[in-house]
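Descriptive analysis of the structure
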Amino acid sequence: MADTSLPSRTMQLRRRSKAYFVESTLGPLIFASVVGLVLFFLVLPTLIVIPMSVGTASYIQFPPRGLTLKWYLDYFTDPDWMAATWFSLKIAFATTITSTIIGTLGSIALVRGKLPGKGFIQALTLSPMVVPHIVIAVAIYLVFAPVGLTGNFTGFLIAHTMLSVPYVIITVTAVLQRFDVTLELAALNCGASRPQAFWFIVLPNIMPGVAAGAVFAFLASFDEATVAFFISGINGKTITRKMFEDIDFNLTPIIAAVSTVLVIFTLVLMGGAQFLQSRKRN
Amino acid sequence: MRIPKRRMRLFDATSVRQYSPSFSLALTAPLILLLIFSFLYPVGRLLWMSVATPDGFTAEHYLRVWNQPLYLNILWRTIQLAFVVTVASFLLAYPVAYAMTLVKNRWAAVMTACVLIPLWTSVLVRSYSWIVLLQRNGVINNLLRDSGVITDPLHMLYTEGSVMIAMTHSLLPFMILPIYSALNTIPLELAKAARNLGAGPIQAFFRVTLPLSLPGVYAGSLMTFILALGFYITPALVGGPQTLMMATLIGQQTTELLNWPFAAALSGVLLAATLLLVAIFRKTLSLNKGVQFG
């Protein structure tokens, strides 16, 4: 039986082979190359800055010739660049702390609280993500400038905390919704006070989400450019504003060096956040 | 049986599972105060400024937007560009999102990294990269010239095309991720069942997989569209005077011309356009749901 059916099957296959080839080989091949090209398009602008930062020419040259660390040295010794970098780092660290605390407290109330107008508060919290950033930036400048909140740490801290808090709320609400309340009830039954139960049971359980939210908040502040463009001053200038000015007026390879440093810095942080989130899932 | 009420120490808490209204309000107070001070009040103040004069109200600034073809053109161009960017993002994002559901382990990690890297690369780094790539003496022109495809460099930077490419690149992850999560929830057996019932692979995709992934497509498109409407940094750096958009126009009115009431009116128009489009999107989304999922 098998001997007689086998040749006829191969005949059939051979007859259909052209269509079969298109379906099984050519289709996936085209599909895979389209996907590959899109992925290349996605990472190319991030990676191109690395070769650009080590070329010796003082203008844009590709492929870069020579190998130098001059532009990195220029970046790390330039007082303006360093001031902008430290200013951004200081703001981002402070923003991380404030937005993580405010966002976590808010998330607890949104998930576990009997809150009047919960829907409205939820919508309000996420609305900074819907309103065009240019509108927020201009509005903040309008209100902050007369009261001396532009070009300084406090103004940036307030504005960036508002912009980063939605990220914290999204990640913390997600872990809180998965948290098993009976664990907290068990702790209370065993004699723990409410604060104790929160500190020793709830907080460690939601910590991965809080930490991931904190990393996102840090990056959201450190990368923020539109509001920073408007509320930066001559002395209080973020690295994003400094980069904007230099790209606009003074396009030197220092920008490629700064970009490379930023890319490596963000990738390390992003890897950390991914790690925390994957731990949360397990 | 009545369960005796436990005495609570936190305000007038009524249950352990759910915090009392007063305690919840106390927890959200810093958040609400922050949002009022740095979001609601400033945006409200800006909108107020667009209609208020020292002695009453005026529609003068909105009429100026309405009456001058220049400003309506810019608004229209902004909406058009956001639309084109959204469609382009969708066409590029779908195959990637689909592929992400097919691969496993190492390849899945590589693809996720490729999608997330641009998301967290500073918008300034990306704008700079596009300048490097698209410039007269940039990477692409050099490669094309060296390979003999062109003799004169192409004019690519500071055009509508360069703004479109840079914006599509920035917004692509916002399209890929929701489509990916929507595709991920569709059981693979559904497409297999369609194949068993005689559908070809293309038919199975268009009749089963694509319709089921539409919620993700809508979510991604909405996000991309909203963000595209308000883009400021990228068009300001890679666009030229010919590619003025709403966001760059608002920036120009405030930083160069110091015409605050007019900038406020433009912001009002942009905000209204955004909210209107969100509402339309929501509406079509719910209509579609009604048709497709009963």
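These lines cover the structure that appears in this document, whether it is placed above or below. (Residues numbered from 1 in each chain as written. Chains lettered and ligands numbered in written order. Predicted model: local features only at pLDDT ≥ 70, side-chain atom pairs only at ≥ 80, totals over all residues. Heavy atoms only, no water.)

**Here's the deal with the nonpolar core**
Ile134 of chain A together with Val96, Leu124 and Ile176 of chain B are the most contacted members of the largest nonpolar core, which has 132 residues in total. It is helix H3 (residues 69–102) of chain B that provides the largest number of residues to this core, a total of twelve residues. Here this core spans two domains, since at least three of its residues come from each of domain 1 (8–52) and domain 2 (72–281) of chain A. If near-sequence neighbours (up to four positions away) are discounted, Ile134 of chain A is found in contact with Thr226 and Phe230 of chain A together with Gly230, Tyr232, Ala247, Ile250, Gly251 and Leu270 of chain B. Among the nonpolar cores identified, the runner-up in size contains 15 residues, and Ile108, Val168 and Phe179 of chain A together with Tyr19 of chain B belong to it. (Core = buried A, V, L, I, M, F, W, Y, C linked by side-chain atoms within 4.5 Å. Buried < 20%, exposed > 50% of the residue type's maximum accessible area, 1.4 Å probe, protein only. Helix = DSSP H or I, 4+ residues; strand = E, 2+ residues; numbered from the N terminus. Domains from an automatic or database assignment. Contact = heavy atoms within 4.5 Å.)

**A look at unusual backbone geometry**
In most cases, non-glycine residues show a negative phi, while peptide bonds are predominantly trans. Residue and element names in this part refer to chain B. Its identity is not glycine, yet Tyr158 carries a phi of approximately 60 degrees, on the positive side. Among the residues examined, Tyr158 registers a relative accessible area of 42% and is labelled partly exposed. Phi at Leu258 is positive, roughly 55 degrees, even though this residue is not glycine.

**Some remarks on the interface of chain B and chain A**
It is common to report an interface's size as the accessible area lost on association of the parts. Across the boundary between the two partners, chain B contributes 85 residues, which contact 87 residues of chain A. Interface area for chain B against chain A, summed over the two sides, is near 7800 Å², with a carbon-plus-sulfur share of 81%. Together, Tyr19, Trp120 and Tyr128 of chain B form the three largest contributors to the area buried by chain B at its contact with chain A, with a combined 11%. Seen at the junction of chain B and chain A, the total is zero salt bridges. Counting across the chain B and chain A interface gives seven residue pairs in polar contact (both at pLDDT 80 or more). At 20 residues, the largest contribution of residues to the side of chain B that touches chain A is made by helix H1 (residues 21–51) of chain B. (Buried area = accessible area lost by both parts, 1.4 Å probe. Salt bridge = Lys/Arg side-chain N within 4 Å of Asp/Glu carboxyl O. Polar contact = N/O pair within 3.5 Å; in protein donor to acceptor, adjacent residues only side chain to side chain.)

**So, the packing of aromatic side chains**
All told, the structure shown has 24 aromatic pairs over all chains when counted by the stated rule. Ring centres of Phe218 of chain A and Phe222 of chain A lie 5.9 Å apart, and the angle between their planes is 15 degrees; on these two criteria the pair is classed as stacked. Taken as a pair, Phe218 of chain A and Phe222 of chain A lie in helix H10 (residues 194–223) at a separation of four residues, close to a single helical turn. Taken individually, Phe218 of chain A and Phe222 of chain A each receive the classification buried, so the pair is uniform in this respect. Aromatic pair Phe230 of chain A and Tyr232 of chain B: ring centres 5.7 Å apart, planes at 45 degrees, arrangement tilted. Separated into two different chains, Phe230 of chain A in helix H11 (residues 226–231) and Tyr232 of chain B in the loop between helix H9 (201–229) and helix H10 (233–238) make up a pair that spans both. Aromatic rings pair up to connect Phe31 of chain A together with Phe90, Tyr94, Tyr98, Phe205 and Phe206 of chain B into one cluster. The ring of Phe229 of chain A has Arg241 of chain A lying over it, and the distance from NZ or CZ to the ring centre is 4.7 Å. (Phe/Tyr/Trp six-rings, centres within 6.5 Å; stacked < 30°, edge-to-face > 60°. Lys NZ or Arg CZ within 6 Å of the ring centre and 35° of its normal.)

**Concerning the pattern of salt bridges**
Residue and element names in this part refer to chain A. Scanning all chains against the criterion turns up six salt bridges over all chains. As a salt-bridge pair, Lys70 and Asp74 come within 3.1 Å of each other at their nearest N and O atoms. Of the two residues, Lys70 and Asp74 both sit in helix H4 (residues 70–77), four residues apart, roughly one turn of that helix. For Asp74, a relative accessible area of 23% puts it in the partly exposed group. Notably, a salt bridge pairs Arg112 with Glu184, separated by 2.8 Å at the nearest N-O pair. Taken together, the residues span a long stretch of sequence, with Arg112 in helix H5 (residues 79–112) and Glu184 in helix H9 (residues 181–189) at a distance of 72 residues. For Glu184, a relative accessible area of 0% translates into the label buried.

Geometry only, nothing functional implied.
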